[in-house]
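Examination of the molecular architecture
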Amino acid sequence: MSWTRSLITALAVCVALLAGSVGCGPSGARGQDGKPSSPAGELLDERDEEGRPYREVDEEDAPAVGVEVTPDTDGGWDVRLTVRNFRFSPDGTGGRAVAGRGLAHLELNGRRVALLRTPEYHLPGHSVPRGTHHVTARLYADDGSVWAVDGEPVESTADITVSDREPGPGPSAEPAATPPPGQGRETDGRGRSGGRGSPGGDEQA
């Protein structure tokens, strides 16, 4: 009967610990200051153009995004995102930040044109007139905060130039894409070559 009493005593101790918000789980579930650790980074004072705060995460586990824009046969443009350490949340997902999840804001020349929960989007031809244009994809958490590394948003930009069009089915322009890591010209990760982006695409939604 002694083993039975010991088991009951151990269970009672665990219940008491839980009631005191100490818990019986591994110590690694809490930070060094005793507070629960957050896998979703830390909110910063910096904000985007719409006033949404940046959410800082370590570069090692940070999400990344690349963007490619190619002309289609109908005079428009096909946009495709390539992501790493990131999954698109389905519509109706709750507004809580979860590491490596969320959606993308797609901007054309600094103006938001779409909220993306999939990696593909179509830009109609009339929205991209003659000239050079900047197509930017920026990653956001489900609570609306901006994923960031070193105080900079996780984003990527591809430039496309539309020249005078000859009669034909599509735009007279070359495809534009953010070069993946180790290929082509790269900036510090935040410029025209693509924010904290240009991933190799080892995980796509």
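Heads up: the structure comes first, above all this text.
Let me begin by describing the structure that accompanies this report. Model, not experiment: these values are computed from the prediction.

A word on the nonpolar core
Core analysis: the biggest nonpolar cluster contains 30 residues, and Val-69, Val-79, Leu-81, Val-135 and Trp-147 have the highest contact counts within it. Put simply, the parts of the chain that give this core at least two residues each are strand S3 (64-71), strand S4 (77-84), strand S6 (101-108), strand S7 (111-116), strand S9 (131-140), strand S10 (146-149) and strand S12 (155-162). No other element matches S4, which puts four residues into this core.

Thoughts on the environment of Trp-147
Mapped onto the fold, Trp-147 is located in strand S10. Separated by 93 residues in the primary sequence, Trp-147 and Tyr-54 have C-alpha atoms spaced 6.0 Å apart. One polar contact links the side chain of Trp-147 to the main-chain carbonyl oxygen of Arg-101, over a distance of 3.2 Å.

Here's the deal with the packing of aromatic side chains
Applying the stated criterion across every chain, the model contains one aromatic pair. Measuring from ring centre to ring centre gives 5.4 Å for Phe-86 and Phe-88, while their planes differ by 85 degrees; the resulting arrangement is edge-to-face. You can call Phe-86 buried: its relative accessible area is 0%.

Definitions and limits used
Residues numbered from 1 in each chain as written. Predicted model: local features only at pLDDT ≥ 70, side-chain atom pairs only at ≥ 80, totals over all residues. Heavy atoms only, no water. Core = buried A, V, L, I, M, F, W, Y, C linked by side-chain atoms within 4.5 Å. Buried < 20%, exposed > 50% of the residue type's maximum accessible area, 1.4 Å probe, protein only. Helix = DSSP H or I, 4+ residues; strand = E, 2+ residues; numbered from the N terminus. Polar contact = N/O pair within 3.5 Å; in protein donor to acceptor, adjacent residues only side chain to side chain. Phe/Tyr/Trp six-rings, centres within 6.5 Å; stacked < 30°, edge-to-face > 60°.

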